[in-house]
Amino acid sequence: MTLSPRERGARRFGIALTAPSVLLVALLIAVPALLMLDQSMRRVPSSGASWGEYIGFANYQLILSSPVLWHSVFTTIVFAVGFVALTTVIGIGAALLLNEQFVGRWFVRSILVIPWACPWLIAGILWKWFIDGDIGGLNALLMHLGLIDKYIDFLANPTWALVMTIVAAAWRQASLVTLLLLAGLQTMPADLHSAASVDGAGVFRRFWHMTLPWLRPVLAVVTVLNIIYGLMQFDLIFTMTQGGPADATTLMSILIYRQMFVFGNLGVGSAISTVLALLALVGGIIAVKLIYRETEV
């Protein structure tokens, strides 16, 4: 197809506008990713003074045959699934509530951003204090309600430690999910629900067949973001448990930190990072395929 001079000029103008962004993305993402991939195939000295000896896929053979990695992969997936599910459920419920008219709605909406504005590191510190086994507010509340008869050290129990880190991460992220879903609800025509009510559709049917399909594009974006956050979470876990107790919360990000900065195995750490990146990519693709598809409301 032959383009007219005006169309060719418009195409060149578009390329000129996008070129800086493409170059910036290439420098900040593509180049480091390629360097990490190259480093994962080398025996890099802990000092990082040289590129190291090229050893092919030896680092990958080492980590893939290690039960430590597979335990970390399983823990990471459990954390990510729990994190995504909890933030989505809380976000949908809170968004539906805040979309209704009630006294003080403006105030609740205004403070909703506070947890999300809290850095992951600070959120970890706050929740570590809150669930502390000696002076934690959660234990005090449970004692006051008569649900327990003595304080529980949640972070000393492998099961509870993983659950509490998921809850803490979901608390921080659910506010962002709520804001995005609430924005999606605000664009939904009000007469759709009114017409469905007149036709006899109940609350659940209206939600399942109208509200949820309408929010599907937003849910796809939210889910992909949360999958990435869940799989690559580090700050909050490191602050609360540092991977313990007994490696119960040792996500792949914690394992990468240990290999690269504690043991000095830069090549092994890069190999684990590559596996984690592929896991996040596969998770994101699956989420988009399952959630974001053309749907008629």
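Higher on the page you've got the structure.
Conventions adopted
- Residues numbered from 1 in each chain as written.
- Predicted model: local features only at pLDDT ≥ 70, side-chain atom pairs only at ≥ 80, totals over all residues.
- Heavy atoms only, no water.
- Helix = DSSP H or I, 4+ residues; strand = E, 2+ residues; numbered from the N terminus.
- Buried < 20%, exposed > 50% of the residue type's maximum accessible area, 1.4 Å probe, protein only.
- Core = buried A, V, L, I, M, F, W, Y, C linked by side-chain atoms within 4.5 Å.
- Contact = heavy atoms within 4.5 Å.
- Salt bridge = Lys/Arg side-chain N within 4 Å of Asp/Glu carboxyl O.
- Patch = residues over 30% accessible without salt bridge, like charges linked within 9 Å, V, L, I, M, F, W, Y side chains within 5 Å.
- Areas by Shrake-Rupley, 256 points an atom, 1.4 Å probe, with all protein chains shown as cover.
- Phe/Tyr/Trp six-rings, centres within 6.5 Å; stacked < 30°, edge-to-face > 60°.

Honestly, unusual backbone geometry in this entry has me stumped. Any pointers?
Across the junction of Gly244 and Pro245, the peptide omega takes the value -5 degrees, indicating a cis bond. Residue position: Pro245 is located in the loop between helix H11 (235–240) and helix H12 (252–262). The backbone of Ala246 sits at a positive phi, close to 55 degrees, despite the residue not being glycine. Ala246 gets classed as exposed once you look at its relative accessible area, which sits at 72%.

Can you help me understand the nonpolar core in this one?
The tendency in soluble globular proteins is for nonpolar side chains to be buried as a group. Counting residues in hydrophobic clusters, the biggest one holds 44 residues, and the most contacted among them are Ile63, Leu69, Phe79, Ile131, Leu236, Met240 and Ile272. Tallying contributions element by element places helix H13 (residues 266–291) first for this core, with 7 residues. If near-sequence neighbours (up to four positions away) are discounted, Met240 is found in contact with Gly124, Trp127, Lys128, Ile131, Leu155, Met164, Thr165 and Ala168. Counting 12 residues, the second-largest nonpolar core is a separate cluster that includes Ile92, Ala95, Leu112 and Leu185.

I keep staring at the pattern of salt bridges and nothing clicks. Help me out?
A side chain of one charge can pair with a side chain of the opposite charge when the charged atoms of the two come close. Inspection of the entire model under this criterion finds 3 salt bridges. Its salt-bridge partner being Arg43, residue Glu53 comes within 2.9 Å of it at the nearest N-O pair. You can see Glu53 sitting in strand E2 (residues 53–54) and its partner Arg43 sitting in strand E1 (residues 42–43), a full 10 residues away along the chain. We classify Glu53 as partly exposed; its relative accessible area is 49%. Salt-bridge contacts for Asp247 lead to Arg258; the nearest nitrogen and oxygen are separated by 3.1 Å. Of this pair, Asp247 sits in the loop between H11 and H12 while Arg258 sits in helix H12, placing them 11 residues apart in sequence. For Arg258, a relative accessible area of 21% translates into the label partly exposed.

Which parts of the structure should I look at to understand a nonpolar patch on the surface?
On the surface, Leu23, Leu24, Val25, Leu27, Leu28, Ile29, Val31, Leu35 and Trp51 cluster together into a nonpolar patch covering about 910 Å² of accessible area. Among the structural elements, Trp51 can be located in the loop between E1 and E2.

Can you walk me through the packing of aromatic side chains in this structure?
Describing an aromatic ring pair means giving the distance of the ring centres and the angle of the ring planes. Counting across every chain of the model gives 12 aromatic pairs. Taking the centre distance of 6.2 Å and the plane angle of 5 degrees together, the rings of Phe79 and Phe83 count as stacked. Placement of both Phe79 and Phe83 in helix H3 (residues 67–98) is noted, with a separation of 4 residues, approximately one turn of the helix. For Phe79, a relative accessible area of 1% gives the class buried. Residue classification places Phe83 among the buried positions, given a relative accessible area of 1%. For the ring pair Tyr257 and Phe261, a centre distance of 5.8 Å and an interplane angle of 35 degrees mean the geometry is tilted.

In short, the description is geometric, and any link to function would need to be established separately.
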